[in-house]
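# Results of the structural survey
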Amino acid sequence: MDPHMVELARSAGTTMVTLMATQAWESTRDGVVGLWRRFQPDRADGVREELEAGRADLLLAREAGDTESEAELAAEWQGRVRRLLNAQPEVAAELRSLLAELAPRMPQTPSVVEVHQRAEASGSGRVYQAGRDQHITER
């Protein structure tokens, strides 16, 4: 499969699952179901039910502090979207449009990342650590 399509599926799955726990959920769900309704109408109702069940699972997992469920759910939807794109590549344009519409509704992620590092060296050993770019010139 084309790497651009794989990336599109990855982005779609992540976006869908991220928005499951936000105020934008209903429009996200309706947009995704609308895609299936146009391209695989016989599966649209099932997709709607699976999205709702996934949302319920995600909300319960978050209450329980389960961080793995969100990643698993995103991977599951990435696979479904990838299979839809593989079967009907013409979905890509509409999917890109939907993702562009949903992008402003994505929760902002913090731009500061906390980095913890620990190192040990003995004898004449050296340790080089960086939280970002590192350039070392030794002569």
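In this text, all values refer to a predicted model and were calculated from it rather than measured experimentally.

### Comments concerning the overall build of the protein chain
From N to C terminus, the protein chain includes five helices and zero strands. For the protein chain, the sequential pattern of α-helices and β-strands runs α-α-α-α-α. Out of the 139 residues in the protein chain, the part that is buried amounts to 32%. Taking contacts inside the protein chain between residues at least 6 apart in sequence as the whole, the part at least 24 apart equals 66%. Counting only carbon and sulfur atoms, one obtains 47% of the accessible surface of the protein chain, whose full area is about 9,500 Å². Considering the protein chain, the positive charge centre built from 17 side chains and the negative charge centre built from 23 side chains are found 5 Å apart.

### Description of empty space enclosed by the protein
Applying the stated criterion to the full structure yields one cavity of 30 Å³ or more. When its volume is computed, the largest cavity comes out at roughly 50 Å³. In this structure, the largest cavity is lined by M16, V32, L35, W36, V81, L84, L85, V91 and L95.

### Regarding the nonpolar core
Within soluble globular proteins, side chains that are nonpolar generally end up buried alongside one another. Counting 31 residues, the largest nonpolar core has M20, W36, L51, W77, V81, L85 and L95 as its most contacted members. Listed by contribution, the elements that provide at least two residues to this core are α1 (3–19), α2 (25–39), α3 (44–64), α4 (68–87) and α5 (91–102). Per-element tally for this core: the top contributor is α1, with seven residues. With sequence-adjacent residues up to four places away left out, V81 is seen in contact with A9, A12, M16, W36 and L95.

Each value, and the rule that gives it
Starting from 1, residues in each chain are numbered consecutively following that chain's sequence as written. Reporting in this predicted model follows two pLDDT cut-offs: at least 70 for local features of residues, and 80 or more for side-chain atom pairs to be given and counted; totals over whole chains, interfaces and linings ignore these cut-offs and use all residues. Here the side-chain values reflect all heavy atoms present in the structure, with hydrogen atoms and water set aside. Each helix is a run of H or I in the DSSP string that is no shorter than four residues. Each strand is a run of E no shorter than two, and both are numbered from the N terminus. Residue burial is assigned from relative accessible area. The probe radius is 1.4 Å, only protein chains are included, and a residue is buried under 20% of its type maximum, exposed over 50%, and partly exposed in between. By definition in these notes, contact holds between two residues if any of their heavy atoms fall within 4.5 Å. Accessible surface is estimated by sampling points in the Shrake-Rupley manner with a 1.4 Å probe; for residues, cover comes only from the protein chains shown. Only four residue types enter the tally: Lys and Arg on the positive side, Asp and Glu on the negative side; His and the chain ends are excluded. Where a charge lies is defined by one atom per residue type: Lys uses NZ, Arg uses CZ, Asp uses CG and Glu uses CD. Cavity means a closed set of points on a 1 Å grid over the protein atoms alone, one where a 1.4 Å probe fits but cannot get out, pocket means an open set with protein on both sides within 12 Å along at least 5 of 7 lines, and lining means a residue has an atom within 4 Å of a point. Grid points are joined across faces, edges and corners, and a volume is the space filled by probe spheres set on the points. Residues grouped as a nonpolar core are buried Ala, Val, Leu, Ile, Met, Phe, Trp, Tyr and Cys residues, joined through side-chain atoms within 4.5 Å.

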